[in-house]
Amino acid sequence: MTSSDPTIRTLRRALGHVERYVEGLQRDPVGPQLTTAELRTRLSVDWSGAGVDPERVIDELVAATDGGLIRSSGGRFFAWVIGGSLPSALAADWLISTWDQNAVLSACGPAVAVAEEIAGEWLKQALELPREASFAFTTGCQLAHFVGLAAGRQAVLGRVGWDLEECGLSAAPRTRLLISDLRHRSVDRAIKYLGFGRRDVVLLPTNSAGQIERPEFIRALEAERTPTIVVLNAGDINVAAIDCFAELIPRARAQGAWVHVDGAFGLIACASRSKRSLLAGIAEADSWATDAHKWLNVPFDCGMVFVRDRDAHRGAMSIRADYIQASTDAHDAIDWTPEWSRRARGVVVYAALRELGRDGLERLVDSCCAHARELVERIGSLPTAEVLQLPTLNQGLVRFLDPRPGAHPGDHDRRTETVIAAINATGEAFFSPTTWQQCRAMRVSVVNWRTSREDLVRAVCACEQALKQPTASGGNS
Ligand SMILES: *Cc1c(COP(=O)(O)O)cnc(C)c1O
C-alpha cells in the first residue's frame, strides 16, 4: 500500500526501521560499536548538490547511525539515569511532531494546552504535591531548576521589599544559596544563568548516607540574615540520597528561605506508597524540579517544575506583548516556562500517565527499585566484587577489587574501571563509573519499564564473564 503523500510514505519507512530497532533490543549490543571518527565519515555525505528523496534520507540515516547508537531504550542499560520510553509516550511524541502545534499559547493549540494542563494536575495528584501549586513543562530538569530558582529569587527578594522585575539584580540585597555538596551540577548551572556567583553559594556537607548534616544546616541558615534559597536533594545521582525534608524544610521556611528540591528522578518515587516515607516532608517545599524523560519513561526533552507560590512563578516567567493573545480560561505556557515557541511535550506525559494509571506508575517505581536491589546484590556476590551502597531506591554502587595481595586503593580503582569496560564490551549490558567517597565505583541505575528478570540474569552473566579478564599488573603487563 503506497501513498501519494511523501510524509506518509516517509513515516511508513521510518516505522519499518522502528520495528527492526525495537525487535533488536533483545539481540543487538547495548553499547556503541563505532568510533566518533567512523561515524563522522559515515555521516559526512555530500549534500551540496540536489536534495534526495525523503525515504532515502531516512534509510541512509539509519544505515549511517547503525552501530553508533546506545540501546538505552532496552532493558539492560544501567548507566547514568536515562530511562526508556513507554509505547504510548513514544507514539504521542510522533503525534505532537505531526500536529506541530506551537504550545506557547492556548490560542496556537487549544487541545494540546488542555492536555498539558491535565497532565500537570495528574502529576500533582500522583506525587502528592500541594493542589495550589503551579507547574510547567520544560526541556528537562536543568530548565526546571532555572524556573524554580528564578521564582525563588523573585520571592525572597520581594520579602525584603526589593522589586526584582523593576530594579534588577545589580544593586539588589545579596541572596545566598545553601546547597548540598552532593548537588547535581545542573543546579550550579541554573544559578549561573540567574546571575549568581560562586561566592553566593554555601555548600553544605553531607554524611555517609549523602544527606545534609542538620547542625551544619542550622548554623549556615542562621549565619546571615539575608534573602536565602535552599536546594535539597530528592535522589542524588550516585546513591539516590534524599535529604531529611521533615527536619530541614520547616526550619528553612521559618527563617524566610525558599526551598527548592532537585527530584530529577527521585520525586517520581512519591508515586509509590512503599517509597513515599523515604521522602517524608517533601510536600512542604516551595518548588520541585523533576524529569519525565527519566523515571516517567517518556522520550527525551521533557522536564517539569512545580511551584507552590503561583504568583512568584508567573512573575518570574510571564511577559506581555500586544500581539500575544492571552487566554482567560486556559493554561498559556508562556506564563510559566522560559521558552517562547515550544513543542507540546506535556502531551507525551499525558499519554504516559494514561497508559500507566496510578497503579502502573506505582508498579514502575517499585519494580525498578526491586530490580536495582537484586542486581546490586547479585553482582556484589560475585568473586572480588563488593557492594558499596545497596539501593534504598533505584540507584546502587558496586566495585571490583584487585585480588593481588597488597593491592592499593588505586589498584581497586583501576580494576573497577577495567571490569566496567569489559562488561560494556560484551554488548550484553551497559554501566557507567563514578567516584563515591574516594572510591571508583560502578553505578547500577534502573529506570526502565522494559527491564525484566531475564535482563538481570543476562547482566549478571556479563559481569561474571568480564571478571574473568586478567588483572592488569604493573610488573608483567
Ligand atoms: C539528570 C539529573 C539532572 C539534570 O536533568 P536534565 O533533565 O538532564 O536537565 C538534575 N539532577 C539530577 C539528580 C539528575 O539525575
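Each remark here, short or long, concerns the structure printed above.
Residues numbered from 1 in each chain as written. Predicted model: local features only at pLDDT ≥ 70, side-chain atom pairs only at ≥ 80, totals over all residues. Heavy atoms only, no water.

Colleague: Would you explain the pattern of salt bridges in this entry?
Modeller: A side chain of one charge can pair with a side chain of the opposite charge if their charged atoms are brought near each other. Tallying each qualifying case throughout the model produces 33 salt bridges. The salt bridge partner of Arg342 is Glu116, with a shortest N-O separation of 2.9 Å. Of this pair, Arg342 sits in the loop between α11 (310–317) and α12 (346–380) while Glu116 sits in helix α5 (residues 110–127); the two residues are 226 residues apart in sequence, bridging distant segments of the chain. When its relative accessible area of 6% is taken as the criterion, Arg342 is described as buried. By relative accessible area, Glu116 is classed as buried at 2%. In this structure, Arg174 engages Glu224 in a salt bridge whose closest nitrogen and oxygen atoms are separated by 3.1 Å. Pair noted here: Arg174 is in the loop between α7 (164–167) and β2 (176–180) and Glu224 is in the loop between α9 (214–223) and β4 (228–233), with a separation of 50 residues, a long-range link. (Salt bridge = Lys/Arg side-chain N within 4 Å of Asp/Glu carboxyl O. Helix = DSSP H or I, 4+ residues; strand = E, 2+ residues; numbered from the N terminus. Buried < 20%, exposed > 50% of the residue type's maximum accessible area, 1.4 Å probe, protein only.)

Colleague: Which parts of the structure should I look at to understand unusual backbone geometry?
Modeller: Phi at Ala240 takes a positive value of approximately 60°, unusual for a residue other than glycine. Its location among the elements puts Ala240 in the loop between β4 and α10 (245–254). Residue Ala240 is classed as buried on the basis of its relative accessible area, which comes to 1%. Located in the positive-phi region is Gln437, a residue other than glycine, with phi close to 45°. Owing to a relative accessible area of 42%, Gln437 belongs among the partly exposed residues under this scheme.

Colleague: Even after reading the chapter, I still don't get helix α4 (residues 87–99), so can you show me in this structure?
Modeller: Because the α-helix completes a turn every 3.6 residues, residues three or four places apart line up on one side. Helix length check: α4, at 13 residues, gives a terminal C-alpha distance of 18 Å against a target of 18 Å (1.5 Å per residue), a fit within 8%. Of all the residues in α4, the buried ones are Ala89, Ala92, Asp93 and Ile96. Buried positions in α4, seen along its axis, are confined to an arc of 110° and lie on one side of it. The inward-facing, buried residues of α4 abut α12. Two residues or fewer after α4 comes Asp100, characterised by a positive phi angle close to 50°. (Expected span 1.5 Å × (residues − 1). Arc of directions from axis to C-beta. Contact = heavy atoms within 4.5 Å.)

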